[in-house]
Amino acid sequence: MSTEEELEKGTDEDNSGHWPIPEGTILARATTRAFAYIMDTIFVMGVLYLLTSILGGQTASIVQAYNLGLLQSGGRGTALFFVDWFLIFGANYLYHKYTGIRFSRTLAQRWLGLAVVREDGSALTRIDWDKRALKKVKYAIPVIGLLWFGIRDLLLIQKRHTHQSSIDLNVGSIVADGNSLAPAFRKHLK
């Protein structure tokens with residue numbers, strides 16, 4: 001192999017492992033990200049609770065989704081169980097998608113000063129937010145959502161030098177401290 005070929009090969013190897021985020025970016029810690037998700041969930045479930053309690057009374061409130069007796073009761077009870085879970089999954093999806101599109105992060109991430117950007121620091125597209133929101137619905141699955149998917153992703157965030165969860169890896173995003181991004185990369189944040 002000639003010296004020129006060795007130099008090209010070395011350059012290709014260096015670039016294949018290169019992480020394109022601008023220098024100086026501070027990545028969000030797993031605990032901060034988990035806290036933001038919990039705050040977002042409390043907000044979404046609070047809104048659902050208010051809406052379902054006002055519209056259907058206490059017997060039709062969203063907390064009935066956790067009543068397994070409804071599933072076995074048949075008729076209206078079973079229908080209510082499935083409608084409640086449809087509302088929970090749908091509300092989580094819509095919340096994460098449209099807050100992402102509008103603010104480039106959720107409300108809790110905004111409050112904590114976090115920014116969700118592509119690996120190179122640029123803004124996520126509408127399609128990226130759609131994928132991200134759809135993948136986040138798995139966390140709303142009772143018990144296994146947080147105990148399996150959530151803990152696995154927290155461990156993945158702590159393990160990887162890029163602090164990316166399985167969702168981040170799929171979408172090509174990172175979560176960083178918004179103030180650590182260069183001004184050109186945070187101009188889309190609201």
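Residues numbered from 1 in each chain as written. Predicted model: local features only at pLDDT ≥ 70, side-chain atom pairs only at ≥ 80, totals over all residues. Heavy atoms only, no water.

On to the pattern of salt bridges. Summed over the entire model, instances satisfying the criterion amount to four salt bridges. Two residues, Asp130 and Lys97, come together in a salt bridge whose shortest N-O distance is 3.5 Å. Taken together, the positions of Asp130 in helix H6 (residues 126–136) and Lys97 in helix H4 (residues 76–103) put the pair 33 residues apart, joining distant regions of the chain. Here Asp130 falls in the partly exposed class, since its relative accessible area comes to 27%. The partner of Asp168 in a salt bridge is Arg132, with the nearest N and O atoms 2.6 Å apart. Placement of Asp168 in helix H8 (residues 166–171) and of Arg132 in helix H6 is noted, with a sequence separation of 36 residues between them. Judged by its relative accessible area of 4%, Arg132 is buried. Among the charged side chains, a network of salt bridges with common partners joins Arg33, Arg132 and Asp168. (Salt bridge = Lys/Arg side-chain N within 4 Å of Asp/Glu carboxyl O. Helix = DSSP H or I, 4+ residues; strand = E, 2+ residues; numbered from the N terminus. Buried < 20%, exposed > 50% of the residue type's maximum accessible area, 1.4 Å probe, protein only.)

A negative phi angle characterises most non-glycine residues, just as the trans form characterises most peptide bonds. Of note, the phi angle at Ser104 is positive, near 65 degrees, even though the residue is not glycine. By secondary structure assignment, the location of Ser104 is in the loop between H4 and helix H5 (107–111). In this model, Val143 sits at a positive phi of 60 degrees, which is unusual for a non-glycine residue. Its place among the elements puts Val143 in the loop between H6 and helix H7 (144–159).

All right, on to the side chain of Ser173 then. Relative to the elements of secondary structure, Ser173 occurs in strand S2 (residues 173–177). Within the local environment of Ser173, its side chain forms a polar contact with the side chain of Arg132, the two groups lying 3.0 Å apart. (Polar contact = N/O pair within 3.5 Å; in protein donor to acceptor, adjacent residues only side chain to side chain.)

On to the layout of surface pockets, then. Counted as a void, the largest pocket has a volume near 310 Å³. Lining the largest pocket are 21 residues, and of these Arg33, Ala34, Tyr37, Tyr139 and Leu154 lie nearest its centre. Elements with a minimum of two residues in the lining of the largest pocket: helix H2 (30–56), H6 and H7. Of the residues forming the lining of the largest pocket, the biggest block, seven residues, is contributed by H2. Considered class by class, the residues forming the lining of the largest pocket number twelve nonpolar, four polar and five charged. (1 Å grid on protein atoms, 1.4 Å probe; cavity = no way out; pocket = protein on both sides within 12 Å on 5 of 7 lines; lining within 4 Å. Points joined across faces, edges and corners; volume = space filled by probe spheres on them. Nonpolar A, V, L, I, M, F, W, Y, C, P; charged D, E, K, R; others polar.)

Structurally, the position occupied by Asp153 is in helix H7. Contacts of Asp153, omitting those with residues within four sequence positions, involve Lys138, Tyr139, Ser165, Ser166 and Ile167. (Contact = heavy atoms within 4.5 Å.)

Geometric descriptors of this kind do not, in isolation, establish any biological role.
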